[in-house]
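Structural overview for review
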Amino acid sequence: MARILLIGLAGDSGCQVAALGLHEALVDILVANELIYAPTLLDTKEIPDDIDVAIVEGGIRNTHEEEIIKEIREKAKIVIALGACAAFGGIPGLANLRHGKELMNEIYNNHRGTDRGTIPTHLESLPEQHPIKHFVKVDYIIPGCPPEVTDIAYTLTSLLSGNEPEYNRTQVCEDCPRERLGEYETSLKRIHEEIPDPDRCLLEQGYFCMGPATMGGCGAPCPQSGNTCEGCRGSCLDVDDQGMAMIDAMTGLLTQLKDEFDLNLYSAMLYRFTYAESVISELARRKK
Amino acid sequence: MKIVTIDPITRLEGHGKIEIFLNEDGNVENAYLQIPELRGFERFCEGRKAEDMPIITPRICGVCPVAHHLASTKTLDAAYGVEPTETASKLRELMNCGYFIYDHTLHFYFLAAPDFVVGPDAPPSERNIFGVLKKVGLDVGREVIKHRAYGQRITETFGGKATHPTCGVPGGISKGLNEEERQSIEDMARSSVEFAKFSLGFFNDVVLSNQDYVDLILSDSYQLKTYNMGLVDDNNHVNFYGGDIRVTDQQGKEYVKFVEQDYLDHVCEHVEPWTYSKFTYLKDVGWDGFTDGPRSGVFRVGPLGRLNAADGMATPQAAEEYKRMYKTLGGRPIQSTLAFHWARLVELLYAAERAVELATDPGITGTDLRNPVGEPGEGVGVVEAARGTLIHHYKLDQEGIIKKVNLVVATTMNYADICMSIRDAAKGLIKNNNVNEGLLNMVEMAFRAYDPCFGCSTHTLPGKAPLKVNIYDDKKRLVETVQRG
């Protein structure tokens, strides 16, 4: 019987909601093991010792979370980063594009509909959002925003039966039924401007679909519901930087492009979920 | 002065910390709920492509992502001056119903029920969903899990993902329903109606048949006389997807009704130095601190706020349950914070009934999914999230790039109410230094009823986060530490 911890740090609880989506499989896992700490579900208030598996949702945004993740690492045999925020920084990592002080003034003191004159002062935020690996060693990640319930079940059941879980080795395109012809449009299109052909590869049609630079295994639900892949599962296995991989994958499209490609505008799409772990954010951090 | 700290507060989505200040006699002077983190979505959304907003903003909150996705999509409709097609509007509303089914089910059974089924002062190790399952049996547990999954599957069918859907585009929706999918949604929705009725019966048997619980619901510690707000249709019935925003007063009379575009004329936000969350209030009434009554602009949203702000429910069985609730608790408005739980189940029934109506609407499988957009401009979009009214407001430049963002989220609107409810519960329950774990949980019940999602928040001060009660003397020296849990 393994002792399991489930905690949310700087994230949005969506992964825990997704984990509950395991439904009956979750009941089996929880009946066979022991959930010892999970503030969303249990009233236990202190992080216990001797944790077998710590499942951590959310990244690090303040000094207290930094202390908590270090405490968990000390007490846990295995640490799993659940979801995009814990694993790569996630969408909140886009806040790193802005400076902390500027952010505070804009939101509290220069915002239509908000009374001016007060800025919260005494609480300790870090200047940036971080994935947990910036502070502690992470044993496994379960990618996605939210992660697929099948991935959560697979990772947990593998670990709990003493096996090493394997990462998916494909890209989202391999899950996607849309047809690829190897021919590209000459302009980048936006999803609200036209209705894309429902059967043809979105990237080939000129829509900014992150499929080729994103780890597969999700079944490509977004391209199948008529919209582009958001890139929520981060980069493919053994690739360090998702945005650069995407630029590489877009070479066919970019070389044919008639318009300019505004990198500034696209940075937050190339790195929607991975800006906090990207090479360019690391360079920006060094400069500060 | 002594300070009692509850950290982390539990059985909610997100994080927060409660500090209760006791005076010399050991009675409560004041209590605060702190939201300790800023994530800055409003700011970093600036400069993004407008069509990315329905993708980015759901990540504000993993428990109300569908509401953010829909509010964002509706804001883009308005900003691009386009009406969504009839089919798209119905599908979006159906998706919101699926979300209400799964979210209300989650809150009632997983987060709230432990306090009633296991007991407010039961041992903390049993006061959770597993304790509930032990009491009610695995058969009921399976029904709960099944219907929560149904709600998710309804959302997922055309949303792509249940938690962070991607189907909303200005002017419509990117995927429609085929007959097979429609049939499956109809079956799940019909089953959810029966499940909602079962849940109301369950509430009746477990809570309303227990005089101790009824006394607790009606006790002074849990009353708050505020304004109430929610979306209503043309008949002033509750609506989760559209309509006008209606505010009622402490007597249940209409105070104001307005269209979404005018929200800034009616709603303002106040800032306190000790927390990162803002406090919403009615502009015309004004901010009068943490007080209730007609001169304080504080209002409530969410299940009880919505039901208080409306004259009834638009579906037949929910309408009956609405009447029964008000009859039992002494008429409209209901001021008891703990009645949020009952209101939530009335809404669960409405969401399921409305999902059946929409799934059997002959137009729901239509192929008119998108209307062409106009020129980009400014727009406001409002929907009901499970925990209250949600407002998005964007200004776009001529290229369709985001220039300004204002988001007024449900938990911000309820934040002042939550702080007062905690303070009043603490004042009513903690007397003469008599503090114990059960009483502190009953203080937590005061925020839990609102189903807050402090998705934008986490722990605050450096150091460990045990559940400890630290007792200080008047020079803030630590006198005693009581370990909890």
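Residues numbered from 1 in each chain as written. Chains lettered and ligands numbered in written order. Predicted model: local features only at pLDDT ≥ 70, side-chain atom pairs only at ≥ 80, totals over all residues. Heavy atoms only, no water.

This brings us to the overall build of chain A. Within chain A one finds 11 helices and seven strands. For 288 residues, the compact-globule estimate of 2.2 N^0.38 gives 19 Å, and the C-alpha radius of gyration of chain A, at 21 Å, lies within 12% of that figure. Expressed as a percentage of the 288 residues in chain A, the buried residues total 60%. Contacts spanning at least 24 positions in sequence make up 72% of the contacts within chain A whose residues lie at least 6 apart. (Helix = DSSP H or I, 4+ residues; strand = E, 2+ residues; numbered from the N terminus. Rg over C-alpha atoms; globule rule 2.2 N^0.38 Å. Buried < 20%, exposed > 50% of the residue type's maximum accessible area, 1.4 Å probe, protein only. Contact = heavy atoms within 4.5 Å.)

With that settled, the discussion passes to the overall build of chain B. In terms of helices and strands, chain B carries 14 helices and 18 strands. Against the globule reference of 23 Å for 485 residues, chain B gives a C-alpha radius of gyration of 22 Å, in line with a compact fold. Over its C-alpha atoms, taken along the principal directions, chain B stretches across nearly 70 × 50 × 45 Å. Across chain B, contacts joining residues at least 24 apart in sequence account for 69% of those joining residues at least 6 apart. A total of about 15000 Å² of accessible surface is found on chain B, and carbon and sulfur atoms cover 48% of it. Side-chain charges in chain B split into 53 positive and 66 negative, and the spacing between the mean points of these groups amounts to 4 Å. (Areas by Shrake-Rupley, 256 points an atom, 1.4 Å probe, with all protein chains shown as cover. Lys, Arg positive; Asp, Glu negative; His and termini not counted. Charge placed at Lys NZ, Arg CZ, Asp CG, Glu CD.)

Turning our attention to unusual backbone geometry. With an omega of 0°, the peptide bond between aspartate 7 of chain B and proline 8 of chain B qualifies as cis. Put simply, arginine 332 of chain B and proline 333 of chain B share a cis peptide bond, and its omega is 0°. The topology assignment puts proline 333 of chain B in the loop between helix H11 (316-328) and helix H12 (340-359). The phi dihedral of alanine 220 of chain A falls on the positive side, at around 50°, and the residue is not glycine. Considering the arrangement of structural elements, one finds alanine 220 of chain A in the loop between helix H6 (149-160) and helix H7 (221-224). Its relative accessible area of 0% is what places alanine 220 of chain A among the buried residues. Its identity as a non-glycine residue notwithstanding, arginine 11 of chain B has a phi of 55°, on the positive side.

Before going further, it helps to examine the interface of chain A and chain B. Between chain A and chain B, the residue contacts involve 79 residues of the former and 98 residues of the latter. Taking both sides of the interface into account, the surface hidden between chain A and chain B amounts to around 7700 Å²; carbon and sulfur atoms contribute 56%. Looking at the side of chain A facing chain B, the largest losses of area belong to Asp43, Lys45 and His192 of chain A, adding up to 10% of the total buried there. Counting every contact that joins chain A to chain B gives seven salt bridges. Its salt-bridge partner being arginine 59 of chain B, residue glutamate 230 of chain A comes within 2.9 Å of it at the nearest N-O pair. The tally of links between chain A and chain B comes to 24 residue pairs in polar contact (both at pLDDT 80 or more). (Buried area = accessible area lost by both parts, 1.4 Å probe. Salt bridge = Lys/Arg side-chain N within 4 Å of Asp/Glu carboxyl O. Polar contact = N/O pair within 3.5 Å; in protein donor to acceptor, adjacent residues only side chain to side chain.)

We now examine the nonpolar core. All names here are of chain B. Core analysis: the biggest nonpolar cluster contains 220 residues, and Ile20 and Leu33 have the highest contact counts within it. Looking at this core element by element, the count peaks at 18 residues for helix H4 (residues 86-118). Here this core spans two domains, and each of domain 1 (2-37 + 417-484) and domain 2 (83-222 + 338-371) adds at least three residues to it. In terms of nonpolar packing, the next biggest core, distinct from the first, is built from 20 residues, Val267, Val285, Phe299 and Val301 among them. (Core = buried A, V, L, I, M, F, W, Y, C linked by side-chain atoms within 4.5 Å. Domains from an automatic or database assignment.)

With that settled, the discussion passes to helix H6 (residues 138-159) of chain B. End to end, H6 of chain B covers 31 Å across 22 residues, agreeing with the expected 32 Å (1.5 Å per residue, within 8%). Glycine 160 of chain B occupies a position one or two residues after H6 of chain B and carries a positive phi of about 90°. (Expected span 1.5 Å × (residues − 1).)

Quick look at the sheet that holds strand S2 (residues 34-37) of chain A now. Residue and element names in this part refer to chain A. Judged by pairing direction, the sheet is parallel, and its five strands sit side by side in the order S2-S1-S3-S5-S7 without closing on themselves. Unpaired on one side and paired on the other, S2 and strand S7 (140-142) mark the two borders of the sheet. Strand-to-strand twist across the sheet, computed as the mean angle between neighbouring axes with direction ignored, equals 30°. Relative to S2, strand S1 (residues 3-8) runs parallel, the two being bridged by three bridges. Each residue of the ladder has a partner; that of leucine 5, found in S2, is tyrosine 37. (Pairing = 2+ DSSP bridges. Axes fitted to C-alpha atoms, helices over the stretch in contact; angles between N-to-C directions.)

Residues and elements named next belong to chain B. Locating serine 72 in the fold gives a position in helix H3 (residues 65-79). By relative accessible area, which is 0% here, serine 72 ends up buried. Sequence spacing of serine 72 and histidine 393 is 321 residues, and the spatial spacing of their C-alpha atoms is 8.2 Å. Ignoring anything within four residues of it in the chain, the contact list for serine 72 reads Met53, Pro54, Thr57, His392 and Tyr394. Engagement of the side chain of serine 72 in a polar contact is seen with the side chain of tyrosine 394, the distance being 2.7 Å.

Attention now goes to the sheet that holds strand S13 (residues 378-385) of chain B. All names here are of chain B. Reading across the sheet, the three strands line up as S13-S14-S15 and stay open at both edges, with antiparallel pairing between neighbours. Either end of the sheet is taken by a strand with one partner, and the two such strands are S13 and strand S15 (402-408). Going from strand to strand, the sheet's axes swing by 15° on average, the running direction of each strand aside. Relative to S15, strand S14 (residues 388-396) runs antiparallel, the two being bridged by six bridges. Along S15, the bridge assignment pairs tyrosine 394 with valine 405.

Here we come to the confidence of the model for chain B. Note: predicted coordinates in regions of low pLDDT should not be interpreted at a detailed level. All names here are of chain B. Mean pLDDT for chain B: 90, with 93% of residues reaching 70 or above. Note that residues 456-477 has pLDDT below 50 and, in this model, 87 contacts with residues that lie over four places away or in other chains. Taken together, the stretch residues 481-485 has pLDDT below 50 and engages in 19 contacts with residues farther than four places along the chain or on a different chain. Two numbers describe this predicted complex: its pTM, 0.92, and its ipTM, 0.91. (pLDDT = per-residue confidence, 0-100.)

All names here are of chain B. By secondary structure assignment, the location of arginine 182 is in helix H7 (residues 179-208). Placed 178 residues apart in sequence, arginine 182 and threonine 360 show a C-alpha to C-alpha distance of 8.0 Å. Each residue touching arginine 182, except ones within four places of it in the same chain, is listed here: Leu177, Ala359, Thr360, Ile364 and Thr365. Polar contacts involving the side chain of arginine 182 include one to the side chain of glutamine 183, which spans 3.0 Å. Only 2.8 Å separates the side chain of arginine 182 from the backbone oxygen of alanine 359, close enough to count as a polar contact.

It is worth spelling out the side chain of aspartate 43 of chain A at this point. Topologically, aspartate 43 of chain A is positioned in the loop between S2 and strand S3 (51-57). For aspartate 43 of chain A, a relative accessible area of 1% translates into the label buried. Among the polar contacts made by the side chain of aspartate 43 of chain A, one reaches the side chain of arginine 11 of chain B at a distance of 2.7 Å. Side-chain polar atoms of aspartate 43 of chain A contact the side chain of arginine 127 of chain B, separated by 2.8 Å.

Residue and element names in this part refer to chain B. Considering all chains together, one arrives at 26 aromatic pairs over all chains under this definition. Ring plane angle 40° and centroid distance 5.8 Å describe the contact between phenylalanine 203 and tryptophan 342, whose orientation is recorded as tilted. In this pair, phenylalanine 203 sits in helix H7 while tryptophan 342 sits in helix H12, placing the two residues 139 residues apart along the sequence. For tryptophan 342, a relative accessible area of 1% corresponds to the buried category. An aromatic cluster is built from Phe108, Tyr109, Phe195, Phe198, Phe202, Phe203 and Trp342, whose rings are joined through pairwise contacts. Positioned above the aromatic ring of tyrosine 241 is the side chain of lysine 74, whose terminal nitrogen or guanidinium carbon lies 4.5 Å from the ring centre. (Phe/Tyr/Trp six-rings, centres within 6.5 Å; stacked < 30°, edge-to-face > 60°. Lys NZ or Arg CZ within 6 Å of the ring centre and 35° of its normal.)

Further remarks concern the domain arrangement of chain B. Residues and elements named next belong to chain B. Domain annotation for chain B reports domain 1 (2-37 + 417-484) and domain 2 (83-222 + 338-371). Taken together, the contacts link 19 residues of domain 1 with 21 residues of domain 2. Of the roughly 1600 Å² buried where domain 1 meets domain 2, counting both sides, 55% is carbon and sulfur surface. For domain 1, the biggest contributors to the area lost against domain 2 are Arg11, Met445 and Ala449; these three give 38% of the whole. Where domain 1 meets domain 2, there are three salt bridges. Here arginine 127 ties to glutamate 437 by a salt bridge, and the two come within 2.9 Å at their closest N and O atoms. Where domain 1 touches domain 2, the interface holds 10 residue pairs in polar contact (both at pLDDT 80 or more). Elements with a contribution of two residues or more to the side of domain 1 that touches domain 2: helix H13 (410-429) and helix H14 (437-448). Per-element accounting of the side of domain 1 that touches domain 2 gives the leading share, seven residues, to H14. Here the residues of the side of domain 1 that touches domain 2 sort into eight nonpolar, four polar and seven charged. (Nonpolar A, V, L, I, M, F, W, Y, C, P; charged D, E, K, R; others polar.)

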